[in-house]
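Take a look at the letters that make up each chain.
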Amino acid sequence: MKNLRYIILWLLFSSLSYAKPVAQNGILDLRANDFAENPTIQLSGDWEVYPGKMYYPNFFNENASWPKSTALYKPSTLDWSKIPELHSGMKDFGYATFRLTIIMPEKFPKQALMVRNVRTAFVLYVNGIGFEGAGTISQTPYNSVPNWRNATSAVDLNPGANELVLLVSNFHHARGGLAEPIVMGNADKVFYSRNLEVGGTLFLVGCLLLAGIFALGLFWFKTSDVVGLFFFLFCGSFALFIVNSGPHLLSSVFRGISWDITIRFMWISFYLSVISYGYFLLTNFQDHLRPVVFHVLAVISFIMIVLTAFTPVYFFTAAQVYYLVILLVAAIGISLGALLQAQFSHKLVWVNVLGTSAFFSVIVYEVLRYLDVIGSWPMFYVSGIALFILCQAMVMAIIYGRNYRDSSFAALAAAKTRDEFLNAMSHELKTPMNAILGMSSFLEKSDLNEGQRDKLKAIKENGESLMSMINDVLSISELDSGQLALKKTILNLESSIESAINLSKQHLKKSSVQFKYFIDPNIPELLTGDPSRIKQVLIHLLNNAFKFTDKGEVVLKVVFLESSNGQVRVRFNLTDTGIGMRTGPKNILSIFTQTNPGKLAKYQGPGMGLSVTSDLLEMMGGKLAIRSKKNVGTEISFDLVLEEYQAESATATSIFVKNEIDTTLKVLYAEDNPVNQKLMTLMLNAMGLKADIAQNGQEALQMAMKKYYNIILMDIQMPVMDGLEASAKIVEHSSSRPIIIATTANLAEVDKRKCFAVGMNDFLAKPLRQEDLKLAILKWQGLKEYLDESNGSAIKLSS
């Protein structure tokens, strides 16, 4: 039944097709045609054909009888190479006259003619009057000038007989003559069809360009591989082919371009689109397609590009026939191979196959139409390309989403791995540095001779330099990951500046360098900001100034600019008379960049300081300005906006009840490194405290369960059980909660939240300084005494 249905439909279609008027023996009789039901007619059928003759309309008027006896009656002629009498030398070269008599009824609507896609020069006469033409017709190849023109114009026809005379000459194209029949019909319908064809072409070009730009964006922003690039190249080249073929819009807009250039340009863009689309398919379906097929097709297409660019038009247009046959076979073979191997378990495969099939159908249609096997179906062409663009854009969007998701997962995994690695490296580097610097500080207070003190000073200075480098690396990581947060605490700017100067004085060994600094007395004594980050910025800048200045002076000025709405603007200005710099700020602020490593060997350093400084200043709302001149010096300045400190209520009581350590405090220190155990013991002994030592978190938990400790100093990374797990269990199971202070070499900002989440109360980063440890113990013993004295009433503490 199904087959019978198809047969009936085919017969119905055939009967409708044959019902349309067709020219016979050079006469098209339209007196019985219903122009309402059949408004447009292809002037197909048998025309009078005079090969090798160029008869103008007046010739037929003067010789009404005998020319017809010499006429050939041929279909009007999708391919005039089928007229053997026309051949002259190269196939299809020559000239001919075509004549058709159209018999119109007494009444009919206004008519129009559309001459589409003539591959040569022509002139069309209607009732002896020149109607349309393109190029220059001639009987010699030297005077015949081809041109593109798709002509659509209204025509005045008379009731009864009307004469159409078409003169064609071709000495350039291998397939001369009319590529498609002339269309005649109701003027409104013909113009509508013409506008629809032009609009469809522009619509397709717009869609291709949008899809191509989208694909290029995916490639440009690294969200897709070369698939996006190949698709962009295809869209661009195929859009050029479309706009230059069919209605020949490019020739219509730029009339000064010769036919020779436009036809070469058109076919080169077509070959480029075949190459780029082939490799787009190959990269998209590499598991289902054979690369050799696409490589061979690309080589053949490249050969055709060379032929098109450098050989006469008739030569490469003759070769096109064979190329298009190869392309037709390849398109059918590739589609069948992909369909047989595709796994249709995913929607993306269906969309991809649908789009590819639509495009290959258009390729098959275009090839068959060029070979004059089928006629013109404009709606099929437009619909096929539109469906292809829609499907491929959807596929590219899905691929982008997948790549973005995969890259996001990969970035998250990489960030996690990086954080874990930096945590481990921070612990491994800071733990021994904590011991080196701590022991150096204790050793410095002992009785040493001058030589021993110099050696110890060198150890301490280099250790502090190495510690500064480690902190820079960790700061860069925290800045990149967005995990570095600024603190808002009470800030004594003068104290922070003097502290930074003291930490940088190690570079003031040079007697030939004088250091001066000025702090504006108008700057308020107390502000709100992050003193540690301001200090870090100043230390980097001062260290650089001292390092690169061999003689002269280093001057630091901090001046008050303005105060408004509770904010104070302060300018920092640092000048030196050092070696200066020749490279621009972009180079200077690059990580690990030195201006001239060869000549600056004695100033060796990793080059991270200015980069970290610039990033920290941007976080604080400032910007580093650098002015430098080689062998003259460098000036660095930046502005900071700091908030004025708002004093708390006068009734607030300090939690620091006294400034001396309560020596009755029971302290537990959990640490697996023996040297750090000794160092902590020395620090606590210097404060009058004794501490029990736990070798790991498990041991610390057991000791805390057996004995109450006021303060537990807990390392984070330990064997058996880490500090986080041990702290959580101590908080959970202790009847009287101890104060737990984390002492860790891990990344401070990364691990702080983890420490507070498990119940720890404070956080001290290694390398530990005795002053910081003392302040932390004083704070927490003072808080306990304050709460005891206030009978447990609530107080508000800043973080």
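Keep in mind that what you see is a predicted model, and the values were worked out from it rather than measured.

A short note on the confidence of the model for the protein chain
Fine structural detail should not be taken from predicted coordinates in areas where pLDDT scores are low. Predicted confidence across the protein chain gives a mean pLDDT of 76, with 74% of residues reaching 70 or more. The low-confidence segment residues 649-657 (pLDDT under 50) makes 15 contacts with residues lying over four places distant or belonging to another chain.

Points about a nonpolar patch on the surface
Residues L354, L387, L390, M394 and I398 make up a contiguous nonpolar surface patch of roughly 400 Å² in combined accessible area. Broken down by element, the nonpolar patch gets its largest block of residues, 4 residues, from helix α10 (residues 378-444).

Points about the environment of G578
Positionally, G578 belongs in the loop between β16 (567-576) and α14 (585-588). Classification of G578 by relative accessible area gives buried; the value is 7%. Between the alpha carbons of G578 and K551 there is a distance of 7.2 Å; along the sequence they are 27 residues apart. Those residues in contact with G578 that sit more than four places away from it in its chain are F548, T549, N631, V632 and G633.

A short note on the packing of helix α6 (residues 259-284) against helix α7 (residues 291-310)
The angle between the axes and the distance between the axes are what describe a pair of packed helices. The geometry of α6 relative to α7 is characterised by a closest axis approach of 9 Å and an angle of 165° between their N-to-C directions. Looking at the two axes, α6 sits roughly antiparallel to α7. The chirality of how α6 crosses α7 is left-handed. Seen from α6, the contacting residues are R264, W267, I268, Y271, L272, V274, I275, G278, Y279, L281 and L282; seen from α7, they are P291, F294, H295, L297, A298, S301, F302, M304, I305, T308, A309 and F310. Considering only residue class, the contact of α6 with α7 consists of 18 nonpolar, 4 polar and 1 charged.

Brief notes about the pattern of salt bridges
This structure, assessed with the given rule, holds 13 salt bridges. Notably, a salt bridge pairs R264 with D260, separated by 2.8 Å at the nearest N-O pair. Of this pair, R264 and D260 both sit in helix α6, 4 residues apart, which is roughly one turn of that helix. With a closest N to O distance of 3.9 Å, R569 and D639 form a salt bridge. With R569 in strand β16 and D639 in strand β18 (residues 633-644), this pair connects stretches of sequence that are 70 residues apart. The class for R569 is partly exposed, based on a relative accessible area of 31%. Residue D639 is classed as buried on the basis of its relative accessible area, which comes to 18%. The network of salt bridges with shared partners includes E562, R569, R571 and D639.

Remarks on the pairing of strand β21 (residues 711-714)
Across the two faces of β21 the burial is the same, with I711 and L713 and I712 and M714 all buried. As defined by bridge partners, strand β19 (residues 667-670) adjoins β21 across 4 bridges and the pair is classed as parallel. Within β21, the position partnered with L668 by the bridge is I712. Pairing geometry for β21 and strand β22 (residues 739-744), over 4 bridges, is parallel. Among the inter-strand pairings, I711 is bridged to a residue of β22, identified as I739.

Comments concerning unusual backbone geometry
Here N127, not a glycine, exhibits a phi torsion of approximately 55°, which is positive. With respect to the secondary-structure elements, N127 resides in the loop between β7 (121-126) and β8 (129-134). With a relative accessible area of 28%, N127 lands in the partly exposed category. Located in the positive-phi region is N565, a residue other than glycine, with phi close to 55°. Taking the relative accessible area as the measure of exposure, N565 reaches 80% and is therefore exposed.

Remarks on the side chain of T101
Considering the arrangement of structural elements, one finds T101 in strand β5 (residues 94-104). On the basis of relative accessible area, T101 is assigned to the buried category, the value being 14%. When near neighbours in sequence (up to four residues on either side) are disregarded, T101 contacts G26, I27, L28, A161 and N162.

Reading the values: rules and limits
Residues numbered from 1 in each chain as written. Predicted model: local features only at pLDDT ≥ 70, side-chain atom pairs only at ≥ 80, totals over all residues. Heavy atoms only, no water. pLDDT = per-residue confidence, 0-100. Contact = heavy atoms within 4.5 Å. Patch = residues over 30% accessible without salt bridge, like charges linked within 9 Å, V, L, I, M, F, W, Y side chains within 5 Å. Areas by Shrake-Rupley, 256 points an atom, 1.4 Å probe, with all protein chains shown as cover. Salt bridge = Lys/Arg side-chain N within 4 Å of Asp/Glu carboxyl O. Helix = DSSP H or I, 4+ residues; strand = E, 2+ residues; numbered from the N terminus. Buried < 20%, exposed > 50% of the residue type's maximum accessible area, 1.4 Å probe, protein only. Axes fitted to C-alpha atoms, helices over the stretch in contact; angles between N-to-C directions. Parallel < 35°, antiparallel > 145°, perpendicular 65-115°, else oblique. Left-handed = near helix turned anticlockwise from the far one by under 90°. Nonpolar A, V, L, I, M, F, W, Y, C, P; charged D, E, K, R; others polar. Pairing = 2+ DSSP bridges.

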